[in-house]
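# Examination of the molecular architecture
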Amino acid sequence: MARYARSEPFFPIMTLVVVAFIVVGFGSAIAVRGNGYVPPPALLLHGGVTLAWFALTLIQALLIRRANFALHRQFGWASLGLAGMIVVLGYNTTAVAMGNPDWSIAGFDPVGSAIFPFFDILTFAVVYTLGIANRKEREAHKRLMVLAGVMMMDPAVARTAIVLLGAPPLALLVELAILLAFPIYDWRTRGRPHWASVFGLVLYVVCFALRMMLGGTEAWAGFARAVF
């Protein structure tokens, strides 16, 4: 039990790491625009809701560390509401971005670029839903809730890599390093990787490959235009 208590800070620390990338990534992107640039209200709302969800996820991890399970369960309803808003606002933001002819991710046109936020939303929803479904399984639940946030940190990490490092491919390495930290942590504390940690890593790698393979295809273009 003592060993578990010493290991527990891993989850709030990983949440803080993700939050740091979000703040630095989007903050630096706004700063580069200069001239008092203010993002559109819809983007500000989307960013505010996302940060609120991460803040609540951090609070939830700290509540568990303090064994305040009753308050943790009460805050869970707020987490559900914020998660739903993230999905809806993410969808709306993507639909608007597709109408901007200058929008491009990884060299794709606006329609192809939509595959990146689409998979961010999808993987966040899948991992978060699994986290809720496994809320009575402590080891799976806490991993999945933090990993849900990792799944949607692509834009922030990419902006950090571009603005501060000038090397977009480093974004992939950063996210893989964060995801690998989970099974490594499991190995050190449990002697074997937890299925949730492995699932998060595999899901990210598979979806990244699908993005790159399908983003420029007519099949994706037809799907994107029908969905967005």
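Residues numbered from 1 in each chain as written. Predicted model: local features only at pLDDT ≥ 70, side-chain atom pairs only at ≥ 80, totals over all residues. Heavy atoms only, no water.

Nonpolar side chains collect at one region of the surface, where Val198, Val202 and Val206 lie side by side and expose about 220 Å² of accessible area between them. Relative to the helices and strands, valine 202 is located in helix α10 (residues 195–214). For valine 202, a relative accessible area of 45% gives the class partly exposed. (Patch = residues over 30% accessible without salt bridge, like charges linked within 9 Å, V, L, I, M, F, W, Y side chains within 5 Å. Areas by Shrake-Rupley, 256 points an atom, 1.4 Å probe, with all protein chains shown as cover. Salt bridge = Lys/Arg side-chain N within 4 Å of Asp/Glu carboxyl O. Helix = DSSP H or I, 4+ residues; strand = E, 2+ residues; numbered from the N terminus. Buried < 20%, exposed > 50% of the residue type's maximum accessible area, 1.4 Å probe, protein only.)

This part covers the environment of alanine 224. Mapped onto the secondary structure, alanine 224 falls in helix α11 (residues 218–227). Between the C-alpha atom of alanine 224 and that of alanine 114, which follows or precedes it by 110 residues, the distance is 7.2 Å. In this view, alanine 224 contacts Met98 and Val111; residues no more than four positions away in its chain are not counted. (Contact = heavy atoms within 4.5 Å.)

For the rest of this paragraph, the subject is the side chain of histidine 72. Its place among the elements puts histidine 72 in helix α4 (residues 69–98). Those residues in contact with histidine 72, other than ones at most four positions away along the chain, are Gln60, Leu63, Ile64 and His141.

Before going further, it helps to examine the confidence of the model for the protein. On average, residues of the protein score 86 in pLDDT, and 88% of them reach the 70 mark or higher. Taken as a whole, residues 1–7 scores under 50 in pLDDT and shows eight contacts with residues more than four places along the chain or in a different chain. (pLDDT = per-residue confidence, 0-100.)

What follows concerns unusual backbone geometry. At alanine 106, a residue that is not glycine, the phi angle is positive and equals roughly 55°. Position of alanine 106 among the secondary structure elements: in the loop between α4 and α5 (110–113). Since its relative accessible area comes to 54%, alanine 106 is described here as exposed.

Attention now goes to the nonpolar core. Among the nonpolar cores identified, the biggest contains 53 residues, and Trp53, Phe124 and Phe182 are the most heavily contacted of them. Ranked by the residues each element gives to this core, the list is headed by helix α7 (residues 138–151), at eight residues. Residues within four places of phenylalanine 182 in sequence aside, it is in contact with Phe10, Phe11, Met14, Arg143, Val146, Leu147, Val150 and Ser197. (Core = buried A, V, L, I, M, F, W, Y, C linked by side-chain atoms within 4.5 Å.)

This brings us to the environment of threonine 189. Considering the arrangement of structural elements, one finds threonine 189 in helix α9 (residues 170–190). A polar side-chain atom of threonine 189 sits 2.8 Å from the main-chain carbonyl oxygen of tyrosine 185. (Polar contact = N/O pair within 3.5 Å; in protein donor to acceptor, adjacent residues only side chain to side chain.)

Evaluation of the coordinates by the stated rule reveals six salt bridges. Residue arginine 211 pairs with aspartate 120 through a salt bridge whose shortest N-O separation is 2.5 Å. On the criterion of sequence distance, the pair formed by arginine 211 in helix α10 and aspartate 120 in helix α6 (residues 115–133) is long-range, its members being 91 residues apart. Under the relative-accessibility criterion, arginine 211 is labelled buried at 3%. Residues joined in a network through salt bridges with shared partners are Arg138, Glu139, Lys142, Arg143 and Asp186.

What α11 keeps buried is the set Trp220, Ala221 and Ala224. Burial along α11 is one-sided: seen end-on, the buried residues are contained in an arc of 100°. Turned more than 90 degrees away from the buried face of α11, the exposed residues are Glu218, Ala219 and Ala226. Contacts made by the buried residues of α11 are with α4, α5, α6 and α10. (Arc of directions from axis to C-beta.)

As a packed pair, α9 and α10 sit with axes 8 Å apart at the nearest point and diverge in direction by 160°. Looking at the two axes, α9 sits roughly antiparallel to α10. Here α9 and α10 pass one another in a crossing that is left-handed. Listed contacts from α10 to Leu172, Glu175, Leu176, Leu179, Leu180, Phe182, Pro183 and Asp186 of α9 are Ser197, Gly200, Leu201, Tyr204, Val205 and Phe208. In terms of residue class, the contact of α9 with α10 is built from ten nonpolar, two polar and two charged. (Axes fitted to C-alpha atoms, helices over the stretch in contact; angles between N-to-C directions. Parallel < 35°, antiparallel > 145°, perpendicular 65-115°, else oblique. Left-handed = near helix turned anticlockwise from the far one by under 90°. Nonpolar A, V, L, I, M, F, W, Y, C, P; charged D, E, K, R; others polar.)

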